[in-house]
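# Examination of the molecular architecture
Each chain, written out:
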Amino acid sequence: MSSKILVVDDEPDFESLIIRNFRKKIKQKELEFIFARDGVEALEILSQELSIDIVLTDINMPLMDGLTLLDNLQEKYPEIKAVIISAYDDMEKIRSAMNRGAFDFLTKPIDFEDLEITIKKH
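Residues numbered from 1 in each chain as written. Predicted model: local features only at pLDDT ≥ 70, side-chain atom pairs only at ≥ 80, totals over all residues. Heavy atoms only, no water.

The next point concerns the packing of helix α3 (residues 39-48) against helix α4 (residues 66-76). One can describe the packing of α3 onto α4 by two numbers: an axis separation of 9 Å at closest approach and a directional angle of 25°. Taken together, the axes of α3 and α4 are roughly parallel relative to one another. As for how α3 packs across α4, the hand of that crossing is right-handed. Contacts between α3 and α4 involve Gly39, Ala42, Leu43 and Leu46 from the former and Leu69, Asn72 and Leu73 from the latter. Grouping the constituent residues of the contact of α3 with α4 by class yields five nonpolar, two polar and no charged. (Axes fitted to C-alpha atoms, helices over the stretch in contact; angles between N-to-C directions. Helix = DSSP H or I, 4+ residues; strand = E, 2+ residues; numbered from the N terminus. Parallel < 35°, antiparallel > 145°, perpendicular 65-115°, else oblique. Left-handed = near helix turned anticlockwise from the far one by under 90°. Contact = heavy atoms within 4.5 Å. Nonpolar A, V, L, I, M, F, W, Y, C, P; charged D, E, K, R; others polar.)

Given below as structure tokens:
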């Protein structure tokens with residue numbers, strides 16, 4: 001059975017990086033990725049897609065940032081684990097995210113081995 005992962009990030013290149021780095025696991029149906037550009041789009045997807053296992057979200061995004069998304073996840077989908085992906089210089093925001101219920105965090109530029117380990121931990 002595959003893990004279904006919602007990736008929320010406004011950087012278009014991030015989607016292609018994820019697909020390229022997890023190509024084999026996607027082909028083998030071990031992992032399935034769904035992409036959203038901001039928290040608003042992520043919540044729309046979550047309202048329709050009941051089998052999301054984990055959310056990977058950036059903090060700084062337009063319309064709805066990652067911290068506000070975390071608040072919504074805690075309220076509406078507390079069973080879904082969330083992982084913050086952000087730059088090192090956002091440590092205060094990362095700390096805030098952890099206090100709001102984030103399961104873990106990773107820093108950009110992303111280390112895909114760390115990301116795979118984090119996904120497996122969920």
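This part takes up the pattern of salt bridges. Taken as a whole and assessed by the stated rule, the structure comprises 10 salt bridges. Across the pair glutamate 30 and lysine 25 runs a salt bridge whose closest N-O atoms are separated by 3.1 Å. Salt-bridge contacts for arginine 100 lead to aspartate 71; the nearest nitrogen and oxygen are separated by 3.0 Å. Taken as a pair, arginine 100 in the loop between α5 (91-99) and β5 (104-108) and aspartate 71 in helix α4 lie far apart in primary sequence, 29 residues in all. Note on aspartate 71: relative accessible area 36%, which makes it partly exposed. (Salt bridge = Lys/Arg side-chain N within 4 Å of Asp/Glu carboxyl O. Buried < 20%, exposed > 50% of the residue type's maximum accessible area, 1.4 Å probe, protein only.)

What follows covers helix α6 (residues 112-121). For α6, every residue scored as buried is listed here: Phe112, Leu115, Thr118 and Ile119. Along the long axis of α6, the arc covered by the buried residues comes to 115°, so they all point the same way. Opposite the buried face of α6, by more than 90 degrees, sit the exposed residues Glu113 and Lys120. Where α6 is buried, its residues contact β1 (3-8), α1 (12-21), β2 (31-36), β3 (54-57), β4 (81-87) and β5. (Arc of directions from axis to C-beta.)

Right, let's get into the side chain of aspartate 38. If you trace the backbone, aspartate 38 turns up in the loop between β2 and α3. The buried charged residue aspartate 38 lacks any salt bridge partner; its closest oppositely charged side chain belongs to arginine 37, at an N-O distance of 8.1 Å. In contact with aspartate 38, other than residues within four places in its own chain, are Val8, Met61, Pro62, Leu63 and Met64. (Lys, Arg positive; Asp, Glu negative; His and termini not counted.)

It is worth spelling out the sheet that holds β5 at this point. Two modes of strand pairing occur in sheets, parallel and antiparallel, and in both the strands are linked by backbone hydrogen bonds. Here five strands make up an open sheet; going across it, the order is β2-β1-β3-β4-β5 and the pairing parallel. Taken across any chain shown, the strands that pair with only one partner, and hence form the sheet edges, are β2 and β5. Each adjacent strand pair in this sheet contributes to an overall mean axis angle of 20°, direction not counted. In this fold α1 packs onto β1, β2 and β4, with an angle of close to 175° to the strand it touches most, β2. Lying over the sheet, α4 contacts β1, β3 and β4, oriented at roughly 160° with respect to β3. (Pairing = 2+ DSSP bridges.)

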